[in-house]
Amino acid sequence: MGLYKYKTEPLLDFTSKEVLQKYEEALKFVGGYLGKTYPLIIDGEFVETNDLYTSLNPADHTQVIGKIHQASIENAEKAMESALKAFETWKKVKASIRADVLFKAAAIIRKRKYEFSALMTFEAGKPWPEADADTAEAIDFLEYYGRQMLLLEESDKLTLSRRNIERNEFKYIPLGVAAVITPWNFPLAILAGMTSAAVVAGNTVLLKPAITTQVIAYKFMEVLKEAGLPKGVVNFIPGDGPEIGEFMVKHPKTRFVSFTGSKNVGLSINQTAATPQKGQIWIKRVIAEMGGKDAILVDSDADLELAAESIVKSTFGFSGQKCSACSRAIIHEDVYDEVVEMVKEKTEKLTYGNPKDFSNFMGPLTDEKAFNKVTSYIEIAKNEGRLLTGGTANKEMGWFVSPTVFADCAPNSRIMQEEVFGPVLAMTKVKSFQEGIEVANNTEYGLTGAVISNNRFNLEKAREEYHVGNLYLNRKCTGAIVGYQPFGGFNNSGTDSKAGGPDYLLLHMQAKSISEWL
Ligand code: NAD
């Protein structure tokens, strides 16, 4: 097993002048190709539809990142035909060769890592360290799933229990065509992870990226081609979610759906996929990773500096647009006032603005829809809690909302229950650690959560009773690392899958038992 271990991609050291300079150069380089037009890719062919989506910089409405041809239903049908044809050969390609494509793709992204990160700064509004972490995670997913596939290939050779009357085999085979539908908030890492997991397991893919980050998605297609992925294995059909996404989910030849995005869309995909279509001869599998309402619980006996730092970092990193972001702070009454004050102070020190400037800790929200949603939740929260800091917004140049904190929010208020997906924190006071756990568990989600405590008994209690897919003790609740903290949530946060974990690839395969009578 150790044979296939690797070190995760190191993050850039932004205290280094050389790194800062290289990032500036990458911004210039990417700046040189902004505004280009990008086609669909079906069966390896570039397809133009003349229905163009214009991708704009969320921090600067005047800057066009690129124009992307949008798929029609006809294009999506062609993509399905291509994926079905490619499946007949790709499924027979040795797993180690499929894995090698992923390793090559990882190497190519590693070589172009500044460029990919700079593009995310432009198209996704990612501050430099956030963009770098996204690129590093994409590399990690490719390396990790490649190695996981090598392990599975080996386990194929293992026979089951033996008897002298038969020879038994057990092997994992691919499923078929995957509908891969991705979100914009990790436009490279999640897209690369979901696509490569499907592909390395021997499936072929219809890939529909999120609307706002389609140029980044196209650049990943370039990488796959350069890495030697045969045509038709991944078909790139950017387009409208409810139209193209739903078509992919409904299609009778779609074997499984791999989705990351919001709860509402995930639940509707699950329902659509469950309805058999004419000519469909299987039950579609759905892998869905959805939203969260993640909390950090602070005990009475805790390092309060660590608590405040963890809350602020987890809440405001990438403007709170992470499914793992902290959006609730649940604090023991003994330390409540102190932590509230520390969080307020730290939040007020955060800088925000166009992420092309390294000095900005926080950038914009992704688009107008997100801006409207977040600002409307701020208005709701003004009636539910005490506005401590922030609460302002400005959409003149980009979709900017200031880091916002509300104190004294009731556990059942909307700001404590619903996913906002922006830089907004709701804080609440509890009388005991036990009550804190109950409040933490009191949502329909169950993605990430953290506990800051020096009390061993309470930490153990949290291990047992805090019902989230990713629990962190004495640290922030964001920043899961591939192969270290397999990622995915409980309840309405998804289908309990774990991206970057040892059983993830198995969700993309089916097991076949073969017994030969002797
Ligand atoms: P979203 O649900 O709006 O969109 C996700 C994808 O689904 C996009 O590609 C979109 O075009 C597509 N889509 C929209 N409607 C569709 C439909 N009816 N049928 C098929 N596809 C459709 O989500 P988003 O705004 O892109 O991403 C943010 C959400 O994703 C947040 O809720 C966040 O918590 C969640 N998220 C979860 C994880 C996780 O690992 N659990 C990771 C990242 C993001």
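Residues numbered from 1 in each chain as written. Predicted model: local features only at pLDDT ≥ 70, side-chain atom pairs only at ≥ 80, totals over all residues. Heavy atoms only, no water.

*Asks:* Before we go on, may I ask you to explain the overall build of the protein chain in this structure?
*Replies:* Along its length, the protein chain carries 15 helices and 21 strands. The C-alpha radius of gyration of the protein chain comes to 23 Å, within 12% of the 24 Å expected for a compact globule of 518 residues. When the backbone C-alpha atoms are referred to their principal axes, the protein chain occupies close to 75 × 60 × 50 Å. The proportion of buried residues among the 518 residues of the protein chain is 59%. When contacts within the protein chain are restricted to residue pairs at least 6 apart in sequence, long-range pairs at least 24 apart make up 77% of them. Carbon and sulfur atoms provide 52% of the accessible area of the protein chain, an area that totals close to 21400 Å². Between the centroid of the 59 positive side chains of the protein chain and the centroid of its 65 negative side chains there is a distance of 6 Å. (Helix = DSSP H or I, 4+ residues; strand = E, 2+ residues; numbered from the N terminus. Rg over C-alpha atoms; globule rule 2.2 N^0.38 Å. Buried < 20%, exposed > 50% of the residue type's maximum accessible area, 1.4 Å probe, protein only. Contact = heavy atoms within 4.5 Å. Areas by Shrake-Rupley, 256 points an atom, 1.4 Å probe, with all protein chains shown as cover. Lys, Arg positive; Asp, Glu negative; His and termini not counted. Charge placed at Lys NZ, Arg CZ, Asp CG, Glu CD.)

*Asks:* Mind showing me how you'd approach the packing of aromatic side chains here?
*Replies:* Two descriptors summarise a pair of aromatic rings, namely the distance from one centre to the other and the angle between the planes of the rings. Enumeration over the complete set of coordinates arrives at 16 aromatic pairs. Measuring from ring centre to ring centre gives 5.9 Å for Y144 and Y145, while their planes differ by 65°; the resulting arrangement is edge-to-face. Comparing Y144 with Y145 shows no difference in burial state: the two are buried. For the ring pair Y145 and Y504, a centre distance of 5.2 Å and an interplane angle of 20° mean the geometry is stacked. Linking Y145 in helix α5 (residues 128-156) with Y504 in the loop between β20 (470-473) and β21 (509-517), this pair joins segments that are 359 residues apart in sequence. As far as burial versus exposure is concerned, Y145 and Y504 are alike and both buried. The cationic tip of K126 hangs over the ring face of F186; the distance from NZ or CZ to the ring centre is 4.0 Å. Sitting over the ring of F318, K126 keeps its end group 4.4 Å from the ring centre. (Phe/Tyr/Trp six-rings, centres within 6.5 Å; stacked < 30°, edge-to-face > 60°. Lys NZ or Arg CZ within 6 Å of the ring centre and 35° of its normal.)

*Asks:* Which parts of the structure should I look at to understand the site of the ligand?
*Replies:* Taken together, 27 residues surround the ligand, and among them T182, W184, S262, M290 and E419 come closest. With respect to the ligand, the backbone of T182 contributes an N or O atom lying 2.8 Å from an oxygen atom. One of the side-chain nitrogen or oxygen atoms of S262 is found 2.6 Å away from an oxygen atom of the ligand. Contact with the protein chains covers 90% of the free accessible surface of the ligand, which is 850 Å². Of all the secondary-structure elements, those providing two or more residues to the shell around the ligand are α8 (241-250), β10 (254-260) and α9 (263-274). Taken together, the residues of the shell around the ligand sort by class into 15 nonpolar, eight polar and four charged. (Near = heavy atom within 4 Å. Polar contact = N/O pair within 3.5 Å; in protein donor to acceptor, adjacent residues only side chain to side chain. Nonpolar A, V, L, I, M, F, W, Y, C, P; charged D, E, K, R; others polar.)

*Asks:* What am I meant to see in the domain arrangement of the protein chain here?
*Replies:* Accessible area lost during the coming together of the parts is what is often quoted as the interface size. Along its sequence, the protein chain is carved into domain 1 (40-61 + 72-290 + 497-517) and domain 2 (294-481). Taken together, the contact pairs 19 residues of domain 1 with 30 residues of domain 2. For the pair domain 1 and domain 2, the summed buried surface comes to about 2200 Å²; carbon and sulfur atoms form 60% of the total. Contact with domain 2 buries surface across domain 1, with A59, H61 and W184 losing the most and accounting together for 25% of the total. At the surface where domain 1 touches domain 2, the tally comes to two salt bridges. Where K322 meets E130, a salt bridge forms, and the shortest distance between an N and an O atom there is 3.0 Å. Where domain 1 packs against domain 2, one counts 11 residue pairs in polar contact (both at pLDDT 80 or more). Of all elements in the fold, only β5 (60-69) and α5 reach the threshold of two or more residues within the side of domain 1 that touches domain 2. Taken together, the residues that form the side of domain 1 that touches domain 2 break down as nine nonpolar, five polar and five charged. (Domains from an automatic or database assignment. Buried area = accessible area lost by both parts, 1.4 Å probe. Salt bridge = Lys/Arg side-chain N within 4 Å of Asp/Glu carboxyl O.)

*Asks:* Looking at this structure, how should I read the sheet that holds β5?
*Replies:* Note on sheets: strands pair through backbone hydrogen bonds, and any given pair is parallel or antiparallel. Spatial ordering of the open sheet is given by β1-β5-β4, a layout of three strands whose pairing is mixed. The open sheet terminates on both sides in strands that have one partner only, identified here as β1 (36-38) and β4 (52-57). Within this sheet the neighbouring strands show an average axis-to-axis angle of 35°, counted without direction. Sitting on the sheet, helix α4 (residues 113-123) is in contact with β4 and β5, with an inclination near 115° to β5. (Pairing = 2+ DSSP bridges. Axes fitted to C-alpha atoms, helices over the stretch in contact; angles between N-to-C directions.)

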